Amino acid sequence: METYDLVIIGGGINGAGIARDAAGRGLSVLLCEKDDLASHTSSASTKLIHGGLRYLEYYEFGLVRKALQEREVLLKAAPHIIWPLRFVMPHARDQRPEWMIRAGLFLYDHLAKREVLPGSETVSFARHPSGAPLKDAFKRGFVYSDGWVQDARLVVLNAMDAAEHGAKIHVRTACVAARRDGEHWLATLEREDGSRFEVRARALVNAAGPWVQSLIEDKLAMPSSKSIRLVKGSHIVVKKLFDHPFAYIFQNPDKRIIFAIPYEKDFTLIGTTDVEYHGDPAQVAIDGDEINYLCQMSNRYFHSQITPADVLSTYSGVRPLLDDASDNASSVTRDYALEMDLAGAPLLSVFGGKITTFRKLAEEAVDKIAPLLGCGQATWTAGAPLPGGDMPGADFGRFLQGLRQRHPWLPEALAERWARAYGTRVSKLIGKADSLAGLGKEVLPGLYEAELAYLADAEWATRSEDILWRRSKLKLHLPANAAEVVDAWLAARARPPREALSA
């Protein structure tokens, strides 16, 4: 039986971030995830690295400041999967007054130091490119900066960095039981095929997201002093409603906000909703009321009107928010809490959080637990690039230009997609290839065997959904049978050669 300093349950952004930080400080780490990395909440976000402008209205100044600080750190750490995005807020006269919005944006610009992003400004839609898609009633608005992130890839990159620092990452592996055994935890892990194995750990981290509380109460048979509130957030994808690089943030009569964001070149992403959720987090899905709501809120602002029939794709996730007894789901805090149980071998449970502050959460978690394990190494992730992000000056444009010069035979669209997804790690996909033929068979349009093999070998992808939805968004661009084709390729690759079977 293997023994680790730390066993982490949960392969979302918090679990992967903690694994990376802990492994980088020299602790031996095992992370287990019952499904794929980022299968649930961490791949169902609005995909923003942002301070949370609307949280200022709830006086969450500390959370916003922390998130704004992290926004700058992450933009530099992963310039391939995180990049600046300018947001347009049309002003509606029946909503928050202009002076209040200006005051909020001034605070947003100055709560934390900005090195990468420009500040906010007031614009006239008659002279700004974002005005054309909007209804004529909207004359003026505000523009400010935040960041965009490929959320599931952010989780994978943290897991990769953890593994490169020695961590063991087990996907499709559930923790079915854990108990204290002297100075250790004894955890029983179950693989997808039903086989089980046990590991010992000097400390246990519960980063199970929507299942954090049920893991404590059901698997560990322990009480918890904190609780979570499950809030469903849903998004819709439609054909693009505008042809410029700005995103929109819309204020609505119910005081909620939604975003309309350029998505995968050909689409617009609209979301999110905030709905109390009481079902199985693994079965969460958008409902008709949410689709209608998002269409109506989009139609309130855009000339181009949409109906549920125009929705091409949807996704939903359950946010495990720290229960602060708020009256409505929209106002529940997005901050986090770390609960430590020291009645024996340490147990650290993570409640709440948001994707923007994951690195800080991970740092604080390891700061709490490392001294108990005799580890005194200093924090290290603030200035460390994530895999593929080690570009001089964090300059993605220059990197992409260099990639095209080095490999002029790569189609322009493929070079850009690979650069965005893999950054400097694209060299591992290309290897010694000097033509498209060197990448192997084109399994689907723009998807070559070299990429599939890399995702399976380096990024723990085991099935089509991992590849076509979480590691990429190719599902939106490929034929309807794409999943079947990829699953067949993966199955054939996993099958031993005929001579091995007969040996």
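None of the values given here were measured: they were computed from a predicted structure.

Colleague: Pulling in residues and values, what's your account of the confidence of the model for the protein?
Modeller: Taken over all residues, the pLDDT of the protein has a mean of 93, while the share at 70 or more is 96%. Taken as a whole, residues 498-503 scores under 50 in pLDDT and shows one contact with residues more than four places along the chain or in a different chain.

Colleague: So what about a nonpolar patch on the surface? Which residues, and what values?
Modeller: Residues Tyr59, Phe61 and Leu107 make up a contiguous nonpolar surface patch of about 320 Å² in total accessible area. Checked against the element boundaries, Tyr59 lands in the loop between β3 (48-49) and α2 (61-77).

Colleague: Give a detailed account of unusual backbone geometry, specifying residues and quantitative values.
Modeller: With the exception of glycine, most residues fall at negative phi, and the peptide bonds are largely trans. Following Gly271, the chain continues to Thr272 via a peptide bond in cis, the omega torsion being 15°. Mapped onto the secondary structure, Thr272 falls in the loop between β14 (267-271) and β15 (275-276). Of note in this structure, Arg172 is not a glycine but carries a positive phi near 50°. Among the structural elements, Arg172 can be located in the loop between β7 (168-170) and β8 (173-181). A relative accessible area of 11% places Arg172 in the buried class.

Colleague: Run through the pairing of strand β12 (residues 247-251), naming residues and quoting values.
Modeller: The buried count for β12 comes to five of five residues, which makes it a mostly enclosed element. Across the two faces of β12 the burial is the same, with Ala247, Ile249 and Gln251 and Tyr248 and Phe250 all buried. Two elements, strand β4 (residues 82-90) and β12, share two bridges in a ladder whose sense is parallel. In the strand pairing of β12, Phe87 is matched with Ala247. Following β12, the chain reverses through five residues before pairing antiparallel with strand β13 (residues 257-263); Lys255 in that reversal takes a positive phi of roughly 75°.

Colleague: Run through the environment of Asp21, naming residues and quoting values.
Modeller: Here Asp21 lies in helix α1 (residues 13-24). For the pair formed by Asp21 and Ser43, sequence separation is 22 residues and the distance between their alpha carbons is 21 Å. In this view, Asp21 contacts Ala362, Glu363, Val366, Trp380 and Thr381; residues no more than four positions away in its chain are not counted. Side-chain polar atoms of Asp21 contact the side chain of Arg25, separated by 2.7 Å.

Colleague: Summarise the pattern of salt bridges; cite the residues concerned and give the values.
Modeller: For the coordinates displayed, the defined rule picks out 40 salt bridges. Of the charged contacts in the structure, one is a salt bridge between Lys232 and Asp287, with a shortest N-O distance of 3.6 Å. Here Lys232, found in strand β11 (residues 228-239), pairs with Asp287, found in the loop between β15 and α6 (288-299); they are 55 residues apart in sequence, far enough to count as distant. For Arg398, the salt bridge identified is with Asp395, shortest N-O distance 3.7 Å.

Rules of the game
Residues numbered from 1 in each chain as written. Predicted model: local features only at pLDDT ≥ 70, side-chain atom pairs only at ≥ 80, totals over all residues. Heavy atoms only, no water. pLDDT = per-residue confidence, 0-100. Contact = heavy atoms within 4.5 Å. Patch = residues over 30% accessible without salt bridge, like charges linked within 9 Å, V, L, I, M, F, W, Y side chains within 5 Å. Areas by Shrake-Rupley, 256 points an atom, 1.4 Å probe, with all protein chains shown as cover. Salt bridge = Lys/Arg side-chain N within 4 Å of Asp/Glu carboxyl O. Helix = DSSP H or I, 4+ residues; strand = E, 2+ residues; numbered from the N terminus. Buried < 20%, exposed > 50% of the residue type's maximum accessible area, 1.4 Å probe, protein only. Pairing = 2+ DSSP bridges. Polar contact = N/O pair within 3.5 Å; in protein donor to acceptor, adjacent residues only side chain to side chain.

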